[in-house]
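Listed below, chain by chain, are the residues.
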Amino acid sequence: MQLGFYLDTERCVGCYTCTVACKNWNNLAPKTSATPGVQGPKWRRVLSVESGSYPNAEIVKLSLGCQHCGKPACVGVCPTGALSKRADDGVVVVDQNKCIGCRYCLFACPFGAPQYGEEGTMQKCNLCLGRLAEGKKPACVDSCPAKALHAGSLDDLAKLASGKAAQRLAGATLPSLILSTAK
Amino acid sequence: MSQSFFPSISRRAFLKVSAVTAALAAVGAKLGNDAPLLQHALAAPLAAGEETFGYTYCDMCNQVPKCGVKVYVRDGVVTRLESRTNYPNDPLCAKGMSLLQEEYHPARLLYPMKRTAPKGTEDSKWVRISWDEAYDTIAKKLNEIKTRDGADKVLFMTGDPKEMRPPLQRLAYTFGSPNYGTESSTCARATQVAAMLTFGFSGTGAMPSAQTKTCLIWSKNTAWSGPYDMWKLLDAKDRGCKFIVVDPRLTPTVRNLADIHLQLRPGTDGALALGLIHVVIKENLYDADFVGKWVHGFDELKEYVKEFTPDKVEKITWVSAAKIVEAARLFATTRPATWIGSASPTVHSVNAAQNHRAILSLYALTGNIDTPGGWTLATNPLPTADGAFNRYREIGVKMTDKRADIKAFPVWAEINDEIQVNLIPEYVKEGKIKAGVFFGVNAMMWPQSHEYQEAFKNMEFAVAVDYFTRPWTHNFVDMILPSATALERMAPLAVFGRQIFHRKPVVKPLGEAREDWQIIFELGAKLGYGKEFWNGNVEAGINFILEPVNLTSEKLLANPEMVAIVPPPGPEQYKKYELGLLRADKKPGFNTPTGKVEIASEVLKKHKLDPLPVYKEPLESPISTPDLAKKFPLILNTGSRLPFYTHSKLRELPWLREIMPHPVVRISPADATKRGLKDGDDVVLETSLGSIKMKVEVTNLVMPGVTDIFHGWQQANVNELIPRKFDPISGYPPFKEGLCEVRKA
């Protein structure tokens, strides 16, 4: 089984709730400083993709975390074996005891998903494994005000997206992300 | 590529999603870890004890009712939170998700403070005092003024949030002052003035129900200003409801909902509404039966809108004539139809009330009032509605002659219990107000904000209650008091229809913070009204509110979910105007002088104002001030909402501030090219009244010729660029009617 995400781009509104819910649940920095320019690690971020121009302009909002790729580039480049892909669910995780903070994974990832933390090691989205174990959805999915973001096995997500124009995001690393637009 | 997952999709739809993924691949290259530098001081170290949880409702935005929060606590410290399930308003947004960063912020105000430097100096030299000293000082000052000049010389005002409104109103009237006001003087109250004049009830429409076929959203970006409602709208669209969205911007609400987007020039809402009415009347699409029976002023309106042809309205509003016709036909013929208005976009104008009345008139012509799937009104509101508690009908209404706003804004004063506070500088200069008690008030909410700072400074005494020291405002008051947060307080109740939610404080207040209601109750007792304020006991006050529904605070808290559902006395009823349920005299009709929907307002006529919803060009515009427009060619559109800040609040929270670290002006790619600007450049935003420094964001969100600016940045307060001109009916300022230019800094 491969776990992943499904984002309905006809629903995502770019409200950043997923980003902040992730920080809140996973206790991420920045914690006390609101100094302009100080940025913390973002396990999930929101992108705005614009095209066209008035009066035919388009803005697509995209909420992106780690895609838990089928062939994760980060795992391949890690010199210490700190990054691994779990056999049973395909979730890509970092072993903090092995990571040396060289950031090769960050450079290798097409999405910049692994983040360098203040402890000097890499950290990243782990699909909220703790919440999954309690039968809950990941914090980003659970918090989505537009109900645009879903997590689960790719097969189940594909069923959820059926009837919509959807496809698994293309890429050499086989991202476990399904994107859809309207019917 | 796993196209095989989805064999059934159309070629066009597939191309659309392919375009998104291609665009994503292009931006993917730019992504990286943008933050290797971190400051890492844990505000609330994770403790090892057992994790428990509690419930509260969020106050990070200024809306009522509020979203539910489930709060996890370890050893008395909040560790994290999530949306509360099985609660009427959910889920939380990014702001609510940051509640614990506010709770444990190192700069939180935790003790009562008095200034030891003169008001208006940069460093107030705050010195900690005891609550007793604070209350004694306030009571002495207020009673002194009351004895010498009259109780009405004291202003009681709330800003953000709204939770302390009922008790402060009660305190004002009990003390003897009719001068109670709120931030609604620049927010939503003008829409309510317009609705009261037109329908005799207030409101900004209704969410689509299962029956609704068309929904007109007028200038509301629900996706960002009320995210908890967005999924409901998207679900309505999935059910087949058609959406018409009026907005100058290509917002996510427009992008994800609109079947027709009416992208108008800011400030021309009135003209657009009259243009739509023109089509509806000309093509006989209105509900003739409803109009014949229940509308007052139809013939005058018909005559007035003759000139608002689609072609003419296209020239005024920049919306194409074809779209105006298409939208008018869809809205008027695809019933039941509802509408959703916003708090303020249509009324941030010196023609506020009339602009909004034009929209309401359009709605009235379609007859969708209080019908299933239309704009429904509550049949059985709870008898706990704060009318009795705030003592307006008992005392406040008898002191009308002493209202500070009675001469300047007589229509507002006739309709609203709270006063219009936008003339505070004048009230202070004229000696009508000599002291102020402020809860969560920020001087940045007004145009020419510095005049309000000056007015606070010139009061004999002013005290402010807040979570943080906010120099922009507090540099001009005598004393500041620490308020307990939503995680630390009990009052007020949260009421949704006939459901009443209560809460226990989730954690103890930090420092000596006290909840707003407690501060007001204790101050009331200190001022000599111990009986009226239950000697400072908040729970006793809540019990007073709950009496009519035979509940108590204790009973509510005994329920595991701290909720009670009060059964309605009868079934939901529609078309209440036919049943005699809208008027005090129980006669059929609307609660207006004529008993009808007053497109021609008798109240306005009485006050010698135009009774029809007439259009006026914005104060400054390419049409009204063409010479000024040569120098300042861009429309100054301010006051829009962001999904992570509320007005001037929340800039101190790290999780939110990293999303937008600097004040931003948004302009279109076309306008950026013309000025040689690129995204992220430092720019100067200039109007005839001055300039501020901002970063430019180049985006399709705004159309060419228009800007989009969020307010509330103290280092770039756009309200300083807005003139102090006010709508004679509502007293509203022209936040969306200016002209400006943007150039490289």
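Rules used throughout
Residues numbered from 1 in each chain as written. Chains lettered and ligands numbered in written order. Predicted model: local features only at pLDDT ≥ 70, side-chain atom pairs only at ≥ 80, totals over all residues. Helix = DSSP H or I, 4+ residues; strand = E, 2+ residues; numbered from the N terminus. Rg over C-alpha atoms; globule rule 2.2 N^0.38 Å. Buried ≥ 20, exposed ≤ 12 C-beta atoms within 10 Å, placed from the backbone. Core = buried A, V, L, I, M, F, W, Y, C linked by C-beta atoms within 7 Å. Contact = placed C-beta atoms within 7 Å. Pairing = 2+ DSSP bridges. Axes fitted to C-alpha atoms, helices over the stretch in contact; angles between N-to-C directions. Parallel < 35°, antiparallel > 145°, perpendicular 65-115°, else oblique. Nonpolar A, V, L, I, M, F, W, Y, C, P; charged D, E, K, R; others polar. Expected span 1.5 Å × (residues − 1).

Enquirer: Can you walk me through the overall build of chain B in this structure?
Expert: Counting its regular elements, chain B contains 27 helices and 25 strands. For 745 residues, the compact-globule formula gives about 27 Å, and the C-alpha radius of gyration of chain B, at 26 Å, lands near that figure. Dimensions of chain B, computed from C-alpha atoms along their principal axes, come out at roughly 70 × 70 × 55 Å. With 745 residues in all, chain B has 55% of them scored as buried.

Enquirer: How should the nonpolar core be read in this particular structure?
Expert: Considering soluble globular proteins, one finds that nonpolar side chains tend to be buried as a cluster. Residue and element names in this part refer to chain B. Counting residues in hydrophobic clusters, the biggest one holds 269 residues, and the most contacted among them are Val193 and Leu276. The element that contributes the greatest number of residues to this core is helix H14 (residues 352–365), accounting for 9 residues. When sequence neighbours within four positions are dropped, the list of residues in contact with Val193 reads Ala353, Val411, Trp412, Ile415, Ile729 and Ser730.

Enquirer: So what exactly am I meant to see when it comes to the sheet that holds strand S8 (residues 149–153) of chain A here?
Expert: For sheets, the rule is that strands pair by backbone hydrogen bonds, running either parallel or antiparallel. Residue and element names in this part refer to chain A. Taken together, the 4 strands give an open sheet; going across it, the order is S8-S1-S10-S9, and neighbouring strands pair in mixed fashion. Looking at the sheet topology across the chains shown, the edges are occupied by S8 and strand S9 (165–168). Averaged over all adjacent pairs, the angle separating strand axes in this sheet is 20°, with direction ignored. Where strand S1 (residues 3–8) lies against S8, 5 bridges are found, and the strand directions are antiparallel. Each residue of the ladder has a partner; that of Leu3, found in S8, is Ser153.

Enquirer: Hey, could you run me through the packing of helix H9 (residues 269–282) of chain B against helix H11 (residues 298–305) of chain B in this one?
Expert: Packed helices, taken two at a time, are described by the angle their axes make and the gap between the axes. All names here are of chain B. Two elements in contact, H9 and H11, have axes whose closest approach is 9 Å; the angle formed by their N-to-C orientations is 110°. Classified by the interaxial angle, the pair formed by H9 and H11 is roughly perpendicular. Where H9 abuts H11, its residues Leu274, Ile277, His278 and Ile281 lie against Leu301, Lys302 and Val305. Across the contact of H9 with H11, the residue classes tally to 5 nonpolar, 1 polar and 1 charged.

Enquirer: Sorry, what's going on with the sheet that holds strand S17 (residues 499–501) of chain B here?
Expert: Residue and element names in this part refer to chain B. One open sheet holds the 3 strands; their spatial order is S16-S17-S18, and the pairing between them is antiparallel. What marks the edges here is a single partner per strand, and that holds for strand S16 (494–496) and strand S18 (563–565). Mean inter-strand twist for the sheet, computed between neighbouring axes without regard to direction, equals 15°. The pairing of S17 with S18 spans 3 bridges and is classified as antiparallel. Considered in S18, the bridge of Phe501 is made with Val563.

Enquirer: What is the right way to look at the pairing of strand S21 (residues 664–667) of chain B in this model?
Expert: Regular strands place their side chains on alternate faces of the sheet. Residues and elements named next belong to chain B. Relative to strand S23 (residues 690–698), S21 runs parallel, the two sharing 4 bridges. Counted as the bridge partner of Val664 is Lys695 from S23. Pairing geometry for S21 and strand S24 (residues 708–709), over 2 bridges, is antiparallel. Residue pairing for S24: Arg666 is matched across the bridge by Asp708.

Enquirer: Please clarify how unusual backbone geometry should be interpreted in this entry.
Expert: It is generally the case that most residues other than glycine have a negative phi and that most peptide bonds are trans. Each neighbour pair has its own omega, and for Asp160(B) with Pro161(B) the value is 0°, a cis peptide bond. Backbone geometry at Asn27(A) places phi at a positive 60°, although glycine is not the residue there. Note on placement: Asn27(A) falls in the loop between helix H1 (17–26) and strand S2 (45–51). For Asn27(A), a count of 13 C-beta atoms within 10 Å translates into the label partly exposed. In the Ramachandran plot, Asn550(B) falls in the positive-phi region, its phi being about 60° despite a non-glycine side chain. Tracing the sequence through the fold places Asn550(B) in the loop between helix H21 (538–546) and helix H22 (553–558). A count of 9 C-beta atoms within 10 Å places Asn550(B) in the exposed class.

Enquirer: Just to check I follow, could you spell out H14(B) for this structure?
Expert: Given 3.6 residues per turn, any residue in an α-helix points the same way as the ones three and four places further on. Residue and element names in this part refer to chain B. For H14, with 14 residues, the first-to-last C-alpha span of 21 Å sits near the 20 Å given by 1.5 Å per residue. Within H14, 14 of the 14 residues are buried, leaving the element largely enclosed by the surrounding structure. Positive phi appears at Gly367, one or two residues downstream of H14, with a value of about 70°.

Enquirer: What exactly am I supposed to notice about helix H20 (residues 516–526) of chain B here?
Expert: All names here are of chain B. The buried fraction of H20 is high, at 10 of 11 residues. Every buried residue belonging to H20 is among Asp516, Trp517, Gln518, Ile519, Ile520, Phe521, Glu522, Leu523, Gly524 and Lys526, and all of these are buried. Contacts from the buried residues of H20 go to helix H3 (131–149), helix H4 (165–175), strand S13 (435–439), strand S14 (461–466), strand S15 (479–482) and H21. Trailing H20 by a residue or two, Gly528 shows a phi angle of about 110°, which is positive.

Enquirer: Whenever I open this one, the environment of Arg84(B) confuses me. Can you help?
Expert: Residues and elements named next belong to chain B. Position of Arg84 among the secondary structure elements: in the loop between strand S3 (77–83) and helix H2 (99–103). Judged by C-beta crowding, with 23 C-beta atoms within 10 Å, Arg84 ranks as buried. For the pair Arg84 and Tyr57, spaced 27 residues apart in sequence, the C-alpha separation works out to 8.9 Å. Residue contacts for Arg84: discarding those within four places in its chain leaves Tyr55, Gly68, Val69, Lys70 and Asp90.

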